[in-house]
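So you can see what is in the structure, the chains are spelled out below.
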2 protein chains.
Amino acid sequence: MADEKKLTTRAADFSAWYNELVLRAELADYSPVRGCMVIRPNGYGIWERMQRALDDMFKATGHVNAYFPMFIPESFLSKEAEHVEGFAPETAVVTHGGGKKLEEPLVVRPTSETIIYSMFAKWVQSYRDLPLLYNQWANVVRWEMRTRLFLRTMEFLWQEGHTAHATHDEAEEEARKMLGVYRDFMEGWIAMPVITGQKTESEKFAGALRTYACEAMMQDGKALQAGTSHNLGQNFAKAFDLTFQSEAGTIEHAWNTSWGVSTRMVGGLVMTHGDDNGLITPPLLAPIELVIVPIWRTDEEKATVFEAARNLKQSLGAWERRAPARLRVHLDDREGIKPGAKYYHWETRGIPLRLELGPRDVAANQCVLVRRDTRAKQVASLDTIGEDVAELLMRMQADLLTAARERMDARTHRGVTSYDQFREIMDAGGFVYAGWNGDPASEARVKEETKATIRVIPDPEFRSAEAPTRCLVTGEPAKHEVLWARAY
Amino acid sequence: MADEKKLTTRAADFSAWYNELVLRAELADYSPVRGCMVIRPNGYGIWERMQRALDDMFKATGHVNAYFPMFIPESFLSKEAEHVEGFAPETAVVTHGGGKKLEEPLVVRPTSETIIYSMFAKWVQSYRDLPLLYNQWANVVRWEMRTRLFLRTMEFLWQEGHTAHATHDEAEEEARKMLGVYRDFMEGWIAMPVITGQKTESEKFAGALRTYACEAMMQDGKALQAGTSHNLGQNFAKAFDLTFQSEAGTIEHAWNTSWGVSTRMVGGLVMTHGDDNGLITPPLLAPIELVIVPIWRTDEEKATVFEAARNLKQSLGAWERRAPARLRVHLDDREGIKPGAKYYHWETRGIPLRLELGPRDVAANQCVLVRRDTRAKQVASLDTIGEDVAELLMRMQADLLTAARERMDARTHRGVTSYDQFREIMDAGGFVYAGWNGDPASEARVKEETKATIRVIPDPEFRSAEAPTRCLVTGEPAKHEVLWARAY
Ligand SMILES: [Zn+2]
Ligand SMILES: [Zn+2]
């Protein structure tokens, strides 16, 4: 372990800081397969808690889970013209199976619209069979040349929702509803504020009518697309003959939506909250919320402190909260390691609270609690420790969101009308709300010149009080106010 | 829906009965990809509950979850000689990615020993880093020519545990412990009794030192291998240089175990409990435990009954049991469908309890409860309905295990010494405990002549009070008592 060496600071090299942190906190590791990573238990524990929370939210909104084959006949991808254009260049292709060359190659799913809607077509006859509200937790593969741990890997884990509806409006409502679920999750659980809105034509999902997205700001001022929700219109229904008999007796094509979030969110969590000492995990997503570090010198002190520490772990672990159930407590009872080294170990790994317990603390029926985010220390009585810990965790969860929101606001610029000023902001990192003439050509020009893209046409609540009147690029009348940023 | 047509009976054609049931209960469906199936929400709901229960058991025994790449470099598979011989003929191979031919083909994991132990080798330096107790939930692919829904599919879902230990004995203890966890789960949750024991050399996992298995008896008297646990010895540690410095300072190879269960267990559940009316789900694994069917003729009756039914769903759903949490209740409030058709619908799908509620029931503050397994009816007061339902579900869970055990015992034969009699039993379906000379040649001969295989050398508690002295096949002195059966 190179634990002694300090992390590169965010200021010195944000990208190096991120990679070092992910490896040092043992969230993930590089694998022998180019572009694929291993998600280690510390990282997977966060992902598991994300899954559980999202799955509960999906079920509460009426969705059911299912599982569809990972292999997709190559011909399926081609049935929706825009879809194949978008995804075919990124696929991994199975050409041999069981020692023989396949008649038709199989594509490893980059996303599952084609295979899922081909099955929906088999199951749906009448409007009575609608809506279908499905979700699947799965791995997908997109052949990426430049990969980054969690942010962009060849194989990644995600959920993909797929629904079918009788009308456009119902599908639209579903796509918007799931965008809202994502936002609630990202703000409520990851403590990561997001801007929601619609993607432009050039940034939308291949095969969608409209794509909505949640965009978050990382600590370097760059945007992370953290989740998308698509109104697919009737594009896939037409490609796969997904039809139904309407109440009036006519045969109609169904309307689909799809929506997904992935292990990329773990990278978003790191880049939203981490500091120069390592990871900071929002308590709701932390596999361990509190670590107890016993402190002792003599054998006698050790006996006293260990006994108190074990009792504390027991009583804290049994302490019930309204939500989300019991406290997740770890006792670091390793011997031969100094308390300071333990503090460092758990700070790197982002455990929200540390409880220090020495012989004098035990004698005084107290302990010291240290918050990971602020590093603030407080003395707490062992009599009320359950309440104090639960209270601190709740406050930390809320404070992390507030701090992230303040950082985002500080780097968000409105009323920018000079393209030069815009370029400076993009170089420094930040969000710019500005007017756009609606022309893909001006969008492409900015992307080429500044590497910035239109993240979204923001939803009303995020728009400026005074709408921009001119296009930032061309000076022509603005058609939309849009959010510009460089993105991961 | 062909719901009107009766299922083929088990007696008439067990195999047709199974396939029809799986499709009719909407547990799974065939997909456009040969050998791959779609797990539909009814089937996936059972799998989700299996996952949750097993995951809790793995965590309670100190294991953590992680995720490793699905693609394995072809060269990795070859590093363990027996392993590659066993798995190479069954692999799906990715030869192209991102539009280009790959330098080294990638195999889609048939199992993950190779990729996981290559990573363990990177992480383990000292005996202090051991044991590693990992599990992963994943999809795997084995190229099968003859596939059956749930029982044998090209892609399937499973968990694979992978551990590394400092000594042989620790690894052995782990392999046996996880076999015990599997047995507890299969009997406690699936209500499926199993025989545990060791596989013979010819039936063990490719690359293992020893393989242990849980074998269940299906209603046709055939065996289903429902889970396996392997002591891998140092085979993979040697192939992947997984070494550690011992406490004494020497460099040693680690000892590994791996163990897995899959969606195949859903097929086992069906073939253990299903009857000629359809699926029977053990309550602990049922996504819906109780379905309320309101009965009415007039609009007035409908209003009364619906109000009572909704209140009932509400109060039952809120009714707290000690474990496993709240009652899972569904109200079938569809209109235009007769009660009888609803009964049929939910019976096919295996919902453990049906609650019938008509206007006279409401007036009398009562309802009728019908068990899916025995079809026994009982009148219950609405005042104590929560307790009654919880009690019935518990009893049904226990009764299903008892009934399955009785069926297994009835078709289990001991003291068989005539090979002719043995062949008759195999033709009829059943388990035979008999002596074996320990020679792979006699094992192979029986397999060829009768299609029966040695399922396990049973653990002591399953062995006959009087051990057989002669080999069933050759008449030579018996080396082991073994369990013979035809298997899925
Ligand atoms: Zn059509
Ligand atoms: Zn070696």
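From a predicted model like this one, the values you see are computed outputs, not experimental measurements.

Caption draft 1: A look at the interface of chain B and chain A. Counting from both sides, the interface comprises 52 residues of chain B and, opposite them, 52 residues of chain A. Summing the contributions of chain B and of chain A, the shared interface buries around 4300 Å²; its carbon and sulfur component is 63%. Along the contact surface separating chain B from chain A lie four salt bridges. Its salt-bridge partner being Lys122(A), residue Asp29(B) comes within 3.0 Å of it at the nearest N-O pair. If you look at where chain B meets chain A, you find 26 residue pairs in polar contact (both at pLDDT 80 or more). Its residues assigned to classes, the side of chain B that touches chain A shows 33 nonpolar, ten polar and nine charged.

Caption draft 2: Summary view of the nonpolar core. Membership of the largest hydrophobic core comes to 181 residues, with the highest contact counts inside it found for Phe71(A), Met186(A), Phe71(B) and Met186(B). For this core, the element with the most residues is helix H2 (residues 41-60) of chain B, which contributes eight residues. Ignoring sequence-local partners within four residues, the contact set of Phe71(B) consists of Val33(A), Ala92(A), Val108(A), Val141(A), Met154(A), Val94(B), Leu106(B), Val107(B), Val108(B) and Ile115(B). The next biggest cluster of nonpolar side chains, apart from the first, holds 22 residues, and it includes Leu357(A), Leu369(A), Leu382(A) and Val389(A).

Caption draft 3: A look at the coordination of the zinc ion (ligand 2). Each protein donor to the zinc ion (ligand 2) is listed here as Asp241(B) (OD) and His253(B) (NE2); together their distances run 2.3 Å. Here Asp241(B), found in the loop between helix H7 (235-239) and strand S12 (243-245), pairs with His253(B), found in strand S13 (residues 251-253); they are twelve residues apart in sequence, far enough to count as distant.

Caption draft 4: Highlighting the packing of aromatic side chains. Residues and elements named next belong to chain A. Inspection of the entire model under this criterion finds 40 aromatic pairs over all chains. When the centroid spacing of 5.9 Å and the interplanar angle of 75° are considered together, the rings of Trp-47 and Trp-137 count as edge-to-face. Of the two residues, Trp-47 sits in helix H2 (residues 41-60) while Trp-137 sits in strand S7 (residues 132-141), which places them 90 residues apart along the sequence. Each member of the pair, Trp-47 as well as Trp-137, is classed as buried. Ring geometry for Phe-422 against Trp-484: centres 5.7 Å apart, planes inclined by 70°, an arrangement best described as edge-to-face.

Caption draft 5: Seen up close, the relation of the copies chain B and chain A. Least-squares fitting of chain B to chain A yields an RMSD of 0.0 Å, with the superposition described by an axial translation of 0.0 Å and a rotation of 180°. Put plainly, the chains are arranged around a two-fold axis. Every residue of chain B has its C-alpha some distance from the rotation axis, and the shortest such distance is that of Val94(B), at 2.1 Å. The overlap is high: 100% of the interface residues of chain B also sit at the interface in chain A, so the same surface is used on both sides.

Caption draft 6: Layout of the environment of Ile116(A). Residue and element names in this part refer to chain A. Structurally, Ile-116 is set in helix H5 (residues 113-123). Distance in space between the C-alpha atoms of Ile-116 and Ala-191 is 33 Å, their sequence separation being 75 residues. In contact with Ile-116, other than residues within four places in its own chain, are Phe-68 and His-162.

Caption draft 7: A look at the coordination of the zinc ion (ligand 1). Looking at the metal site, the zinc ion (ligand 1) is ligated by Asp241(A) (OD) and His253(A) (NE2), spaced 2.2 Å from it. Note on Asp241(A): relative accessible area 55%, which makes it exposed.

Caption draft 8: Broad picture of the sheet that holds strand S17 (residues 353-357) of chain B. Residues and elements named next belong to chain B. An order of S16-S15-S17-S18-S19 is seen for the five strands of this open sheet, with the pairing classed as mixed. Two strands in the sheet have a free side with no partner beyond their single neighbour: strand S16 (329-331) and strand S19 (377-381). Geometrically, the sheet is characterised by an average inter-axis angle of 25° between neighbouring strands, direction not taken into account. As judged from the five bridges shared by strand S18 (residues 366-371) and S19, these two strands associate in the antiparallel manner. Paired with Val-370 across the strands is Lys-377, a residue of S19. Strand contacts of helix H10 (residues 339-348): strand S15 (290-294), S16 and S17, with the helix running at about 170° to S15, the strand carrying the most contacts. Here helix H12 (residues 385-410) sits on the sheet and contacts S15, S17, S18 and S19; the angle it forms with S18, its principal contact strand, is near 10°.

Caption draft 9: Just helix H8 (residues 264-273) of chain B, in detail. Most of H8(B) sits inside the fold, with ten of its ten residues counted as buried. The complete set of buried residues in H8(B) reads Arg264(B), Met265(B), Val266(B), Gly267(B), Gly268(B), Leu269(B), Val270(B), Met271(B), Thr272(B) and His273(B).

Caption draft 10: Focus on the packing of H2(A) against helix H8 (residues 264-273) of chain A. Residue and element names in this part refer to chain A. The geometry of H2 relative to H8 is characterised by a closest axis approach of 10 Å and an angle of 110° between their N-to-C directions. By the angle between their directions, the pair H2 and H8 is classed as roughly perpendicular. Note on packing geometry: the crossing formed by H2 with H8 is right-handed. Residue-level inspection shows Ile-46, Trp-47, Met-50 and Leu-54 of H2 in contact with H8, the latter providing Met-265, Val-266 and Leu-269.

Caption draft 11: Region of the structure containing unusual backbone geometry. Residue and element names in this part refer to chain A. In this model, Leu-130 is joined to Pro-131 through a cis peptide bond whose omega is -5°. Tracing the chain through its elements places Pro-131 in the loop between H5 and S7. Although it is not a glycine, Asn-365 adopts a positive phi angle of roughly 55°. As for its position among the elements, Asn-365 is in the loop between helix H11 (359-363) and strand S18 (366-371). Judged by its relative accessible area of 31%, Asn-365 falls in the partly exposed class. Here the phi dihedral of Arg-375 falls at roughly 60°; this positive angle occurs in a residue that is not glycine. Along the chain, Arg-375 falls in the loop between S18 and strand S19 (377-381).

Caption draft 12: Inspection of the domain arrangement of chain A at higher detail. Residues and elements named next belong to chain A. Under the domain assignment, chain A is made up of domain 1 (14-273), domain 2 (288-394) and domain 3 (412-485). Here the C-alpha centroids of domain 1 and domain 3 sit 27 Å apart. Counting from both sides, the interface comprises 21 residues of domain 1 and, opposite them, 20 residues of domain 3. In total, domain 1 and domain 3 occlude about 1500 Å² of area from one another, counting both sides; carbon and sulfur atoms represent 55% of this. On the surface where domain 1 and domain 3 come into contact, there are three salt bridges. Taking the shortest distance from any N to any O, the salt bridge between Glu-461 and Arg-183 comes out at 2.7 Å. Remark: the boundary between domain 1 and domain 3 carries nine residue pairs in polar contact (both at pLDDT 80 or more). Of all the elements in the fold, those that place two or more residues in the side of domain 1 that touches domain 3 are helix H6 (168-188), strand S9 (194-198), strand S10 (210-217) and strand S11 (223-233). In terms of residue count, the dominant contributor to the side of domain 1 that touches domain 3 is S9 (five residues). The class makeup of the residues in the side of domain 1 that touches domain 3 is seven nonpolar, seven polar and seven charged.

Caption draft 13: Region of interest: the pairing of strand S21 (residues 431-436) of chain B. All names here are of chain B. Burial analysis of S21 places six of its six residues in the buried class, the great majority of the element. Note that strand S20 (residues 412-414) and S21 share three bridges and pair parallel. Bridge assignment links Thr-412 to a residue of S21, and that residue is Phe-431.

Caption draft 14: View of the pattern of salt bridges. Under the defined criterion, the tally for this structure stands at 59 salt bridges over all chains. Arg176(A) is the partner of Asp459(A) in a salt bridge, and the nearest nitrogen-oxygen pair spans 2.7 Å. With Asp459(A) in the loop between strand S22 (453-458) and strand S23 (480-485) and Arg176(A) in helix H6, this residue pair connects regions lying 283 residues apart in the sequence. For the salt bridge of Lys342(B) with Asp332(B), the shortest nitrogen-to-oxygen distance reads 3.7 Å. With Lys342(B) in helix H10 and Asp332(B) in the loop between S16 and H10, the pair connects residues that are ten residues apart, well separated along the chain. Neither residue differs from the other here; Lys342(B) and Asp332(B) are each classed as buried. When salt bridges with common partners are traced through the structure, they connect Glu347(A), Arg354(A), Glu356(A), Arg375(A) and Lys377(A) into a single cluster.

Thresholds, definitions, all that
- Residues numbered from 1 in each chain as written.
- Chains lettered and ligands numbered in written order.
- Predicted model: local features only at pLDDT ≥ 70, side-chain atom pairs only at ≥ 80, totals over all residues.
- Heavy atoms only, no water.
- Contact = heavy atoms within 4.5 Å.
- Buried area = accessible area lost by both parts, 1.4 Å probe.
- Salt bridge = Lys/Arg side-chain N within 4 Å of Asp/Glu carboxyl O.
- Polar contact = N/O pair within 3.5 Å; in protein donor to acceptor, adjacent residues only side chain to side chain.
- Nonpolar A, V, L, I, M, F, W, Y, C, P; charged D, E, K, R; others polar.
- Core = buried A, V, L, I, M, F, W, Y, C linked by side-chain atoms within 4.5 Å.
- Buried < 20%, exposed > 50% of the residue type's maximum accessible area, 1.4 Å probe, protein only.
- Helix = DSSP H or I, 4+ residues; strand = E, 2+ residues; numbered from the N terminus.
- Donors = N, O, S within 2.8 Å, 3.2 Å for Na, K, Ca; no water.
- Phe/Tyr/Trp six-rings, centres within 6.5 Å; stacked < 30°, edge-to-face > 60°.
- Least-squares fit on C-alpha atoms with pLDDT ≥ 70 in both.
- Pairing = 2+ DSSP bridges.
- Axes fitted to C-alpha atoms, helices over the stretch in contact; angles between N-to-C directions.
- Parallel < 35°, antiparallel > 145°, perpendicular 65-115°, else oblique.
- Left-handed = near helix turned anticlockwise from the far one by under 90°.
- Domains from an automatic or database assignment.

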